[in-house]
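Take a look at the letters that make up each chain.
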Amino acid sequence: MKIDFDGVQAFVAIAELGGFNKAARELHITQTALTRRIQKLEAYLGVRLLDRTTRKVELTVVGRDFLPQARAIVQETTSAVQRLKEMAQHGRGNLTVACIPTLASHVLPRIIREYAKRHPHNQVRLLDGTSDQVRTAVLHGRAELGIALAGESQSELVETAFFSDPLVFVCRTPHPLQERKTLSWNDMRGIELVRVSGLVATRVVMDYQLARHNVRLDAKYEVDHHATAVNLVAAGVGAAILPASTIREGDRPGIRKIPLTAPVVKRRVVLLRARRGSLSPAAEAFYELVRSTPVKV
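Scope of this entry: the structure provided in the associated data block.

Of regular secondary structure, the protein possesses nine helices and 12 strands. Computed over its C-alpha atoms, the radius of gyration of the protein comes to 31 Å, more than 25% above the 19 Å expected for a compact globule of 297 residues. Among the 297 residues that make up the protein, the fraction classed as buried is 42%. Expressed as a percentage of contacts within the protein between residues at least 6 apart in sequence, the contacts between residues at least 24 apart total 73%. Accessible area for the protein stands at about 16,900 Å²; split by element, carbon and sulfur atoms hold 50% of it. Taking the average location of the 43 positive side-chain charges in the protein and that of its 29 negative ones, the two points are 4 Å from each other.

Take a look at the structure:
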């Protein structure tokens with residue numbers, strides 16, 4: 001059923017304002033245009049809603065019965081349109097972002113904090129998982145945006161470079177290497193290391209780059225998550241090689257973060273969105289914020 005909103009709006013305006021002159025001024029149209037709207041609505045409904053004489057306009061019995069429903073239609077439609085305009089103009093709405101866990105420590109919270117200042121009425125839901133899980137969430141529509149490591153390109157996804165995340169040496173003080181400003185990978189020989197599992201993308205990036213430079217490292221401990229590695233180091237169990245974004249200097253008392261060189265190994269972090277369809281205003285605002293936010297690691 002096609003609803004003639006213009007006709008219903010015209011009917012409500014006439015009924016509430018008591019005449020065609022005032023209603024036409026209120027709707028910013030001519031009386032002729034207003035009359036056509038009423039005639040079209042009555043023709044569609046097959047009933048008369050108004051009795052008009054040269055002196056006054058009165059609602060018919062059917063018109064009086066229809067007025068509450070007509071008023072509700074106009075109010076609800078007007079409110080809905082206004083909400084959509086506010087969403088478009090101010091980026092209002094809710095969104096879901098999928099993200100790899102290492103960025104949830106301080107990189108993403110800083111962005112969300114700024115987003116909340118700009119859009120205090122919006123809700124943000126986070127899904128954390130591996131890079132593959134992030135891609136799947138965006139592809140299947142469970143998340144509008146994703147933040148993951150660069151990987152094999154997929155035609156269904158748009159990848160935008162976010163930042164490069166170098167691997168660093170993380171140790172607890174006191175440590176023999178704690179005063180060094182930079183370290184080479186060969187300096188890691190003989191150090192008790194905690195490394196992440198070969199199933200983690202960071203490890204894949206590291207092993208590939210080290211193999212290219214004929215560097216081999218042995219680790220005494222292996223964990224599945226970066227956060228677990230940080231906890232072990234904080235407890236005095238070995239040192240770790242981790243993405244710089246995993247921990248900020250000063251986040252954990254007594255922990256040092258030292259850049260690794262020769263070679264510098266970086267993982268590339270990207271922002272993902274589905275190629276099909278458009279982002280919601282809320283997601284578009286978040287997307288632009290991420291793209292314009294410099295990341296210090």
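What follows concerns the nonpolar core. If you look at the biggest cluster of nonpolar residues, it comprises 35 residues, and the most contacted ones within it are L95, L103, I147, F162 and F286. When contributions to this core are tallied by element, the ones reaching two or more residues are β3 (95-99), α5 (107-118), α6 (131-139), β5 (145-149), β6 (157-172), β12 (266-274) and α9 (281-292). The dominant element in this core, judged by the number of residues it contributes, is α9, at six residues. Sequence-distant contacts of F286, that is, excluding residues within four places in its chain, are made with L95, V97, L108, I111, I112, Y115 and L145. Judged by nonpolar contacts, the second largest core, of 20 residues, contains I14, L59, L67 and V74.

Take the environment of S278 next. The residue S278 is located in the loop between β12 and α9 in this model. Note on S278: relative accessible area 72%, which makes it exposed.

In this section: the layout of surface pockets. As a volume, the largest pocket reaches approximately 730 Å³. Around the largest pocket, the lining comprises 33 residues; the ones closest to its centre are P101, T102, T130, V200 and H226. Of all the elements in the fold, those that place two or more residues in the lining of the largest pocket are α6, α7 (201-212) and α8 (226-234). Among the residues making up the lining of the largest pocket, the classes are represented as 11 nonpolar, 14 polar and eight charged.

On the surface, R110, R113, K117 and K296 cluster together into a positively charged patch. Examined against the element boundaries, R110 turns out to sit in helix α5. Its relative accessible area of 33% is what places R110 among the partly exposed residues.

Two elements, strand β8 (residues 193-196) and strand β10 (residues 239-243), share two bridges in a ladder whose sense is parallel. When the bridges of β10 are listed, V194 appears paired with A240. Between the parallel pair β8 and strand β9 (residues 221-223), the chain is carried across by α7, and the sense of this crossover is right-handed.

Here we take up the pattern of salt bridges. Applying the stated criterion across every chain yields a total of 14 salt bridges. One salt bridge in this structure joins E222 and R195, with 3.2 Å as the shortest N-O distance. Note that E222 is positioned in strand β9 and R195 in strand β8, a separation of 27 residues in sequence. Residue R195 is classed as partly exposed on the basis of its relative accessible area, which comes to 27%.

With their axes 9 Å apart at the nearest point, helix α2 (residues 20-27) and helix α3 (residues 31-45) run at an angle of 100° to one another. The orientation of α2 with respect to α3, classified from their angle, is roughly perpendicular. Residues F20, N21, A23, A24 and L27 of α2 form the contact with α3, whose participating residues are Q31, L34, T35 and R37. Partitioned by chemical class, the residues of the contact of α2 with α3 number five nonpolar, three polar and one charged.

Time to look at the packing of aromatic side chains. As enumerated under the stated definition, the model contains three aromatic pairs in all. Summarising the aromatic geometry, the rings of Y115 and F286 are spaced 5.2 Å apart at their centres and angled 75° between planes, so their arrangement reads as edge-to-face. With Y115 in helix α5 and F286 in helix α9, this residue pair connects regions lying 171 residues apart in the sequence. Judged by centre distance (5.0 Å) and plane angle (85°), the rings of F162 and F163 are edge-to-face. Of the two residues examined, F162 and F163, each falls in the buried class. One Lys or Arg, R52, reaches over the ring of F20 and ends 4.0 Å from the middle of that ring.

Taken N-terminus to C-terminus, the directions of helix α1 (residues 5-17) and α2 make an angle of 125°; their axes are 8 Å apart at the nearest point. Viewed along their axes, α1 and α2 adopt a mutual orientation that is oblique. As for how α1 packs across α2, the hand of that crossing is right-handed. Of the residues in α2, those touching α1 at Q9, A10, A13, I14 and L17 are F20, K22, A23, E26 and L27. Here the residues of the contact of α1 with α2 sort into seven nonpolar, one polar and two charged.

Cut-offs applied
- Residues numbered from 1 in each chain as written.
- Predicted model: local features only at pLDDT ≥ 70, side-chain atom pairs only at ≥ 80, totals over all residues.
- Heavy atoms only, no water.
- Helix = DSSP H or I, 4+ residues; strand = E, 2+ residues; numbered from the N terminus.
- Rg over C-alpha atoms; globule rule 2.2 N^0.38 Å.
- Buried < 20%, exposed > 50% of the residue type's maximum accessible area, 1.4 Å probe, protein only.
- Contact = heavy atoms within 4.5 Å.
- Areas by Shrake-Rupley, 256 points an atom, 1.4 Å probe, with all protein chains shown as cover.
- Lys, Arg positive; Asp, Glu negative; His and termini not counted.
- Charge placed at Lys NZ, Arg CZ, Asp CG, Glu CD.
- Core = buried A, V, L, I, M, F, W, Y, C linked by side-chain atoms within 4.5 Å.
- 1 Å grid on protein atoms, 1.4 Å probe; cavity = no way out; pocket = protein on both sides within 12 Å on 5 of 7 lines; lining within 4 Å.
- Points joined across faces, edges and corners; volume = space filled by probe spheres on them.
- Nonpolar A, V, L, I, M, F, W, Y, C, P; charged D, E, K, R; others polar.
- Patch = residues over 30% accessible without salt bridge, like charges linked within 9 Å, V, L, I, M, F, W, Y side chains within 5 Å.
- Salt bridge = Lys/Arg side-chain N within 4 Å of Asp/Glu carboxyl O.
- Pairing = 2+ DSSP bridges.
- Right-handed = clockwise from strand over helix to strand, strands pointing away.
- Axes fitted to C-alpha atoms, helices over the stretch in contact; angles between N-to-C directions.
- Parallel < 35°, antiparallel > 145°, perpendicular 65-115°, else oblique.
- Phe/Tyr/Trp six-rings, centres within 6.5 Å; stacked < 30°, edge-to-face > 60°.
- Lys NZ or Arg CZ within 6 Å of the ring centre and 35° of its normal.
- Left-handed = near helix turned anticlockwise from the far one by under 90°.

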